[in-house]
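This is what each chain is made of:
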Amino acid sequence: MEEVDKFSKIIEELKLCQISGKEQALDDLLNHLTDSENVDNISTDQPLTELIEEFNQLMKTENGPHQKVANIIAELAKIESLRQPFVDGDMVPVLVKMLQSSDTNKAVQACRALGNICYENDNARNCVDATDGLTSLLDLMREINNNKGGEIGKLRTVACGLLLNITNTHNLLQKKALENGALDILQDYLKNYTDEEGLPYMVLLALDSLAETEFGREKIASCGAYESVLDFMQSSKGNSAQDAVLDLLCNLAENDKIKLKLSESFLCDHLIDSIHSSLEEKEEANQQFLKTSSDLIVLLLTGDKSMEVLFKKGKGAVYAESVSWLEGSNEYLQISGALAIGNFARNDEHCLLLVEEGVVTKMLNLLKQQDRKEPNIPLLHAILSALRNLAIPLTNKIKLVNAGSVEVLLSFSSTPILAVTFKLLGALRMLVDNQEETAKLLGRDKVFLPKLVEWCNVEEHAGVKGEATRLLAWIIKYSKNGEVIKNIVRADGIQHLVTMATSEHVLMQNEALIALTLIIGSSVLDEAAMALKEADLIEVIATLLKNQQTLPDIIANTLSLTRAIVLAASSTTPQLTQCTLLACAGMISNMQSNLREELMCAGIPDLAKQLTSHENEKVRSGAEMLLNALEENSMEQS
C-alpha cells in the first residue's frame, strides 16, 4: 500500500508541475521504477490511467521530455497487466512516430517501450500494424545499417528486439517483414556487427521468429540467410550464442531444401566435435547442448536426400557417431543414436548393412538394461521404431529373431505407455511377416496373446488398436496353425477380426478377410463358429457385397470368404453340434441347412448373381464360384 501511495503521489506531482518542473518528477518516477518490487505493486487503476493521459500531453509538447517518457513506459510495460492500458491509451502511435526521430537515444527508448508493450500482446501488434509501425522500424534498421559508434549499436540491438516482439507468433506481420526486406537487414547485421554486445543473439531470435512458417523458411532458403548463420557459428563469437544458433537451425531444418544444404555443409562435423568436447563437462548447460545438437542431427536425417548424404553408404561420420552413441552412457545420445539408426533404416539396402554390422545387438543390449517397470520411455520408443524398420527386409527378419529380439520385445508387453505399445506391436508385426515359427510363438504365448486381444479394444489410441488387430490377423495368416487359431478364439479375438473387415482402410479390410477365410477353412471351425456368429459375420459379408463403394479387391476377397463358409458347411457331416457357425440358437441337427437358411435370408445368392456382371474379372469369377458352391450345397441337401 505504501508503494502504491508513493506512486500516486509522484503522479500527482507530475500533473501539478509546470513543464519546467516535470523533468524532476519524471526522474523521481524512473528512480522509483528501478526497484522491481515497486513495479509489481502497480495496478491498472486510476493513477495509471492519469499517468498515460499525462504522457500523451508530454509527447505532444515540442521539445518535451519524450525520451524519459518512453523510458518510463518501457519499464512499466515489463509487467504483463500494464501493457494493454498503453494500447488503450493510444500510446502506440505516438511511440511509432518516435521511431523516426534523428535522436538515437529517443529511438532506443521508443524501441524498448514498443517492444515491451508488444511482448505476447497481439492487440499491440495489430496497433503497430495499423499505424505502419513495421515499415517505420525496418526503415530505421536500414538507416543505421552502415553507422557505427555511440548508441547506434544499442539501437541496432533493441530494434531487432522490437522486430522479434512484433512478429513472434504473428503470421501476418512475419509475412510483411519478410516481404519488406527484413532478412537482408538481419543478414547484414549478423555479418558486420558480431562484436556488438547482445546483437547477434537478438538477430538469431528475430530470424527464428521469421522462420516459424514454411513461407518464412522458404524465404530464408531462397536468400541463403542460413549460410550467414553457419558463418557466424564458425566465427570466434559463435559460442556466445550457440543455443540460439542451434534453435534456429532446428527450425530451419524443417525445410527440405535447407535440410539438404545443411547436411552438405560442415555442420554435422562441427556438431560432432562439439559433442565430444561437451561430453567431458557435466554442467546442465552442456547437457542441453548435447540434446539440442543431437536432435538437430537426427532432424537432418528425416529427409531422404539428406539422410543419404550423411549415410555415405555406411561410411559417413554421422552414421559411425550414431552407432557409438548406442554404446555410450549418455541417455540423450543413446536416444538420438536409436533415432538416427531408425532414419538410416528407411531403405532395404541400408537395413541389410546395419544388421550385418551388428546394430541390432547393440540396441537389444540397451533394451535388456532397461528397468521393466520404469524404462526410459523415449529410448524405448526410439529403439522399437528402429527395430521395426530393420525388420522389414525378409532376410533381416530371421537374423533379428535369431538375435533374440522377440523374447526381448515381449518382455516389454506390460508397459502402460500406449505410444510405446504402438511401436512394440509394429516391430513384432514385421517380425511375424512371412515367418511361420515366429507367428506360432506369439500365437502360443499364453501371456502375450490375451494382452494382444485386449489392445484390440483400446479406443483411446487408434494406432494401438489398429496394429494389435493387424498383428492378430498376421499371426493367423502366417502360422496357419489350428492350435493358434483355437487360442485366438478362446482369447475372444474373433470379434475384432470381423470388425476389422469393415475398416475404412482397405489394407486392413483385406487382411481381416484373409484371416477369417483361414479360420473358416481350419480344423477348429466348430470352436470358432459361435464367435463368428456372435460377431455377425454374415451381416458384415452382406454389407460389403451390397455397398457399391466397396472396392473390387475387397468384394473378391469377401466372395472367397463366403465360398469358404459354404464349402465348410457342405463338408460337415450331419450331426448334433452345439450352436456352431450360423446356428440360430441352441442345438441344431444339420449345419448345412441352417447355413443355407442364413445365406438366403441375407440375400447372398441374389447379390452373387448381380456380381456376375461386374466390370472386374476377379469379382465376376468369385461370384460364379460362389454360386456354383451354393448350387452344389443345395443339391447335397436335396
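Here, the structure is the one placed above.
So, how was this worked out
- Residues numbered from 1 in each chain as written.
- Predicted model: local features only at pLDDT ≥ 70, side-chain atom pairs only at ≥ 80, totals over all residues.
- Heavy atoms only, no water.
- Helix = DSSP H or I, 4+ residues; strand = E, 2+ residues; numbered from the N terminus.
- Buried < 20%, exposed > 50% of the residue type's maximum accessible area, 1.4 Å probe, protein only.
- Contact = heavy atoms within 4.5 Å.
- Polar contact = N/O pair within 3.5 Å; in protein donor to acceptor, adjacent residues only side chain to side chain.
- Salt bridge = Lys/Arg side-chain N within 4 Å of Asp/Glu carboxyl O.

### Some words on the environment of Lys440
1) Next: Among the secondary structure elements, Lys440 is positioned in helix α30 (residues 436–443).
2) Next: Using a relative accessible area of 13% as the deciding quantity, one classes Lys440 as buried.
3) Next: For the pair Lys440 and Ile476, spaced 36 residues apart in the sequence, the C-alpha separation amounts to 8.6 Å.
4) Next: Beyond its immediate stretch of four places on either side in the chain, Lys440 contacts Ser479, Asn481 and Val484.

### Observations regarding helix α37 (residues 537–546)
1) Next: With seven of 10 residues buried, α37 lies mostly within the body of the structure.
2) Next: Among the residues making up α37, those that are buried are Leu537, Ile538, Val540, Ile541, Ala542, Leu544 and Leu545.

### A look at the side chain of Ser413
1) Next: With respect to the helices and strands, the residue Ser413 is situated in the loop between α28 (405–410) and α29 (418–432).
2) Next: The buried category is assigned to Ser413, whose relative accessible area is 10%.
3) Next: At 2.8 Å, the side chain of Ser413 forms a polar contact with the backbone oxygen of Leu410.
4) Next: Sequence-distant contacts of Ser413, defined by excluding residues within four places in its chain, comprise Leu424, Phe448, Lys451 and Trp455.

### Digging into the pattern of salt bridges
1) Next: One pass over the full model with this rule turns up 23 salt bridges.
2) Next: Taking the shortest distance from any N to any O, the salt bridge between Lys465 and Glu459 comes out at 2.7 Å.
3) Next: Here Arg490 ties to Glu527 by a salt bridge, and the two come within 2.5 Å at their closest N and O atoms. Taken together, the residues span a long stretch of sequence, with Arg490 in helix α33 (residues 482–490) and Glu527 in helix α36 (residues 525–534) at a distance of 37 residues.
4) Next: The exposed category is assigned to Arg490, whose relative accessible area is 56%.
5) Next: Taking relative accessible area as the criterion, Glu527 reaches 32% and is therefore assigned partly exposed.

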